[in-house]
Amino acid sequence: IVDVSGSMSQVTLEKLYNTFTEIGKQINKDSRIILWNEELVSDKKIFEKELRVGGGTKIADAIDYVSEKYLTRKDILFVCSDFEDDIDDWNIALKKAKYRKSYGILLGKHSSKKAKFDKVFKIDNI
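A. Fine view of helix H3 (residues 87–96). If you check which residues of H3 are buried, you get Ile87, Trp90, Asn91, Ala93 and Leu94. Projected down its long axis, H3 shows its buried positions confined to an angular sector of 165 degrees, all on one face. Away from the buried face of H3 by more than 90 degrees, exposed residues Ile92, Lys95 and Lys96 are located. Its side-chain oxygen 3.0 Å from the backbone nitrogen of Asp88, Asp86 forms the N-cap of H3.

B. Spatial organisation of unusual backbone geometry. The phi dihedral of Phe83 falls on the positive side, at around 60 degrees, and the residue is not glycine. Here Phe83 lies in the loop between strand S4 (76–81) and H3. On the basis of relative accessibility, which here comes to 0%, the residue Phe83 falls in the buried class.

How each quantity is defined
- Residues numbered from 1 in each chain as written.
- Predicted model: local features only at pLDDT ≥ 70, side-chain atom pairs only at ≥ 80, totals over all residues.
- Heavy atoms only, no water.
- Buried < 20%, exposed > 50% of the residue type's maximum accessible area, 1.4 Å probe, protein only.
- Helix = DSSP H or I, 4+ residues; strand = E, 2+ residues; numbered from the N terminus.
- Arc of directions from axis to C-beta.
- Polar contact = N/O pair within 3.5 Å; in protein donor to acceptor, adjacent residues only side chain to side chain.

Listed below in structure tokens is the structure:
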């Protein structure tokens, strides 16, 4: 899941997308990239590029969407965001979701202490 709300940088998202495309080539051709702001923006195979930035943020709904539509206990969930959203809602969605591991990728300087991912990676400059 990639946060494409108005607070996210287009340049950062382009770099992040390119990174995930390379990872997807090595890991799993069935990987998907879900672009989300307040609602679904795009749901495509990871190799089908389409990035549009804008809107508010409701990432918990994205976690619910991905969990209901795709996730199994074998999958790894990545959420890339500036974490400028209701993290308590994220944690509720994460608790309900099915996945093997979950990783938060924090883009920026916002706090990640309350996010209940298996691991959070903080990237200040991408």
